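Notes for the structure review
Here are the chains, one letter per residue:
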Amino acid sequence: MATEVAGMVDGRAADGVAEATEAGGIPDGFLPRRAGGPFLEPIGPIFLRAGQGGSTFGIRLERRHCNNQSVAHGGMLATFADLVLGIGGTEQAGAPGHFITVSLVTDYLAPAPLGAWLECRPALLRRTARLMFVEGRFEADGTAVLRASGVFSVPRPKA
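The rules behind each value
Residues numbered from 1 in each chain as written. Predicted model: local features only at pLDDT ≥ 70, side-chain atom pairs only at ≥ 80, totals over all residues. Heavy atoms only, no water. Helix = DSSP H or I, 4+ residues; strand = E, 2+ residues; numbered from the N terminus. Buried < 20%, exposed > 50% of the residue type's maximum accessible area, 1.4 Å probe, protein only. Contact = heavy atoms within 4.5 Å. Areas by Shrake-Rupley, 256 points an atom, 1.4 Å probe, with all protein chains shown as cover. Pairing = 2+ DSSP bridges.

Below, the discussion takes up the overall build of the protein. Along the protein, the regular secondary structure elements total 3 helices and 12 strands. Out of the 159 residues belonging to the protein, those deemed buried represent 43%. In the protein, 59% of the contacts between residues at least 6 apart in sequence involve partners at least 24 apart. Accessible area for the protein stands at about 8300 Å²; split by element, carbon and sulfur atoms hold 54% of it.

Now for the pairing of strand E11 (residues 131-140). Side chains Met132, Val134, Gly136, Phe138 and Ala140 of E11 all project onto a buried face; the interleaved residues Leu131, Phe133, Glu135, Arg137 and Glu139 project onto a face where none is buried. Counting the residues in the hairpin turn of strand E10 (residues 123-127) and E11 gives 3 residues. Pairing analysis gives 10 bridges linking E11 to strand E12 (residues 143-153), with the strands arranged antiparallel. In the strand pairing of E12, Glu135 is matched with Ser149. What sits between E11 and E12 in their antiparallel hairpin is a turn of 2 residues, with Asp141 showing a positive phi close to 50°.

Have a look at this one:
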């Protein structure tokens, strides 16, 4: 059952919430979160559902996310993976702030069709003093479509 979404996560209002809601609904418990930065604005809004052990991130795949075959563009999926793994890793590592991607590996498993709900609950595998190792499995309407892993710099506290 989908619900209408209003509000914000992390104090940041998300643009485009009405469009995503109209495009097929947002699963219960997900709230909008601004993607961050001008490069990522066209991808969002992304949605977040807080949970014990880490958040689940999702997005409704719209025409703007797709290639001419009406499936999510690989570059869009890689960008979404970079964003989700980085945010999820910093959340689980207890390191708020901006992360820097050191490495991102993506394995495309199946097409993610237009209109599908794409979600991932990233897992922090390891944290060192400077790095986070994070992985995630991305599903479109319950079908595995992408496996990704990344290494990210741990945000440093501002002096």
